[in-house]
Amino acid sequence: MKLDNIVVVLDRPEESRNVGAVCRGMANCGIHTLRIVGKKEDIDDMHVRILAIHAAYIWEQATFYDSITQATADCTLAAGTTRRRGKKRKGKLLLPEEFAQSAEPVTEGGGKVAMVFGNERTGLTDEELEECTIGVTIPSSDEFASLNLSHAVQVLCYHMFRTQNKDFKGYTPITLERLDKTVTGIAENLRTVGFFTRTGSEDMENFWRTVLSRAALSEGEAQYIEKTFDKIAGLSTRNQKS
């Protein structure tokens, strides 16, 4: 995914602070091209900057158009976001992750992909959605299905960002095989300090294995525990010699 080929299009935004929040969300995800359907003078510059904070440069570089068609003319894909389904609303709507997968080869090939967002009150009308080539929807609770404009932009930008940065690793618990190494080390160190006789080690190992498996340790946490018990055993040995 080439994030420089991602374009965010805001169609007739009404709340200037939302525009600022959109800029910040875009910057969080490494996306910098903002296009706005509407007039610049209708947006309060100060209110934009209050929420954009250090992403105000995106607002400063934003370009303005008279229609979605004009704003997306140089794009290969134009995805209109909507929560409403219907015959006139692109039929099948892609989920954000599905859209990110379809957008990736386009951007890698040098094409631009536009993500189009309607205004805060009405979203995209049927006619405006027709100016887009595909539809994207963000599932949300029926209790309150409408997302804030900046939140919707953040969700889609994040999926673009994650598609580019596939190597980011989250928290990965160690396997039981790896945990056995930690448990064995704990038991050996406790035996060294005289905590129990060899005959009691099996029960002790079972105890630690049960407790630590529920904790779902990371590799770093397992190593920290091992070092702690190694140090305890080392200090005990030195004290006995002195």
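Attention in this report is confined to the structure presented alongside it. (Residues numbered from 1 in each chain as written. Predicted model: local features only at pLDDT ≥ 70, side-chain atom pairs only at ≥ 80, totals over all residues. Heavy atoms only, no water.)

1. Observations concerning a nonpolar patch on the surface
Item 1. Side chains of M46, I50 and L51 sit close together on the surface and give an oily, nonpolar patch of about 290 Å² of accessible area.
Item 2. Locating I50 in the fold gives a position in helix α2 (residues 45-52). (Patch = residues over 30% accessible without salt bridge, like charges linked within 9 Å, V, L, I, M, F, W, Y side chains within 5 Å. Areas by Shrake-Rupley, 256 points an atom, 1.4 Å probe, with all protein chains shown as cover. Salt bridge = Lys/Arg side-chain N within 4 Å of Asp/Glu carboxyl O. Helix = DSSP H or I, 4+ residues; strand = E, 2+ residues; numbered from the N terminus.)

2. Remarks on the sheet that holds strand β1 (residues 6-11)
Item 1. Pairing is parallel in the open sheet, where 7 strands are placed in the order β3-β2-β1-β6-β4-β7-β5. For this open sheet the edge positions go to β3 (63-65) and β5 (93-94), each flanked by a neighbour on one side alone.
Item 2. Bridge analysis of strand β4 (residues 77-81) against strand β7 (residues 134-136) gives 3 bridges, and the strand direction is parallel. Following the sheet pairing, T81 is matched in β7 by V136.
Item 3. Helix-sheet contacts for helix α7 (residues 149-164) involve β1, β4, β6 (113-117) and β7, and the interaxial angle to β6 is about 160°. (Pairing = 2+ DSSP bridges. Contact = heavy atoms within 4.5 Å. Axes fitted to C-alpha atoms, helices over the stretch in contact; angles between N-to-C directions.)

3. Topic: the pattern of salt bridges
Item 1. Under the criterion given, the structure shown has 10 salt bridges.
Item 2. A salt bridge links R35 to D74, with the nearest nitrogen and oxygen atoms 2.7 Å apart. Of this pair, R35 sits in strand β2 (residues 33-37) while D74 sits in the loop between α4 (68-71) and β4, and the two are 39 residues apart along the sequence.
Item 3. By relative accessible area, which is 7% here, R35 ends up buried.
Item 4. Residue D74 is classed as partly exposed on the basis of its relative accessible area, which comes to 41%. (Buried < 20%, exposed > 50% of the residue type's maximum accessible area, 1.4 Å probe, protein only.)

4. Things to note about the pairing of β2
Item 1. Judged by how many residues are buried, β2 sits mostly within the fold: 4 of 5 residues are covered.
Item 2. Alignment of β1 against β2, held across 5 bridges, turns out to be parallel. Its bridge partner being in β2, V8 is matched across the sheet by L34.
Item 3. Considered for its hand, the β-α-β crossover made up of β1, helix α1 (residues 16-28) and β2 is right-handed.
Item 4. In this sheet, β3 lies alongside β2 in parallel orientation, the contact comprising 3 bridges. Across the sheet, residue R35 finds its bridge partner in β3, namely T63. (Right-handed = clockwise from strand over helix to strand, strands pointing away.)

5. Topic: α2
Along an α-helix, residues three or four apart share an orientation, since each turn contains 3.6 residues.
Item 1. For α2, the N-terminal cap is D44; the gap from its side-chain oxygen to the backbone nitrogen of M46 is 3.0 Å.
Item 2. At the exit of α2 stands I53, carrying a positive phi of roughly 50°. (Polar contact = N/O pair within 3.5 Å; in protein donor to acceptor, adjacent residues only side chain to side chain.)

6. Considerations on the nonpolar core
Item 1. The biggest cluster of nonpolar side chains holds 41 residues, and the ones touching the most others in it are V8, L10, L34, F99 and M160.
Item 2. Of the residues forming this core, the biggest block, 7 residues, is contributed by α7.
Item 3. Apart from residues no more than four positions distant in its own chain, V8 is found in contact with V22, M26, I31, T33, L34, R35, M115, F117, V153 and C157.
Item 4. Core analysis: the second largest hydrophobic core is formed by 13 residues, I174, M204, L212 and A222 among them. (Core = buried A, V, L, I, M, F, W, Y, C linked by side-chain atoms within 4.5 Å.)

7. Comments concerning the packing of aromatic side chains
Item 1. Using the criterion set out here, one finds 3 aromatic pairs in the structure.
Item 2. Measuring from ring centre to ring centre gives 5.7 Å for W208 and F229, while their planes differ by 80°; the resulting arrangement is edge-to-face. One end of the pair, W208, is in helix α9 (residues 201-215); the other, F229, is in helix α10 (residues 219-241), with 21 residues separating them in the sequence.
Item 3. Looking at F229, the relative accessible area reads 15%, which means it is buried.
Item 4. Through a chain of ring-to-ring contacts, three or more aromatic side chains come together here, namely F207, W208 and F229.
Item 5. Directly above the aromatic system of W59 lies the positively charged group of K40, at a separation of 5.5 Å from the ring centroid. (Phe/Tyr/Trp six-rings, centres within 6.5 Å; stacked < 30°, edge-to-face > 60°. Lys NZ or Arg CZ within 6 Å of the ring centre and 35° of its normal.)

8. Considerations on the environment of A55
Item 1. Mapping A55 onto the fold places it in the loop between α2 and α3 (56-60).
Item 2. Sequence spacing of A55 and L124 is 69 residues, and the spatial spacing of their C-alpha atoms is 26 Å.
Item 3. Not counting the four nearest positions on each side in its chain, A55 is found in contact with C23, R24 and A27.

9. Things to note about the state of the cysteines
Item 1. Counted by the stated rule, this structure contains 0 disulfides.
Item 2. There is no disulfide at C29, and the cysteine sulfur nearest it, in C157, is 5.4 Å away.
Item 3. For C29, a relative accessible area of 3% corresponds to the buried category.
Item 4. With no disulfide of its own, C132 lies 10 Å from the sulfur of C75, the closest cysteine sulfur.
Item 5. On the basis of relative accessibility, which here comes to 3%, the residue C132 falls in the buried class. (Disulfide = S-S within 2.5 Å.)

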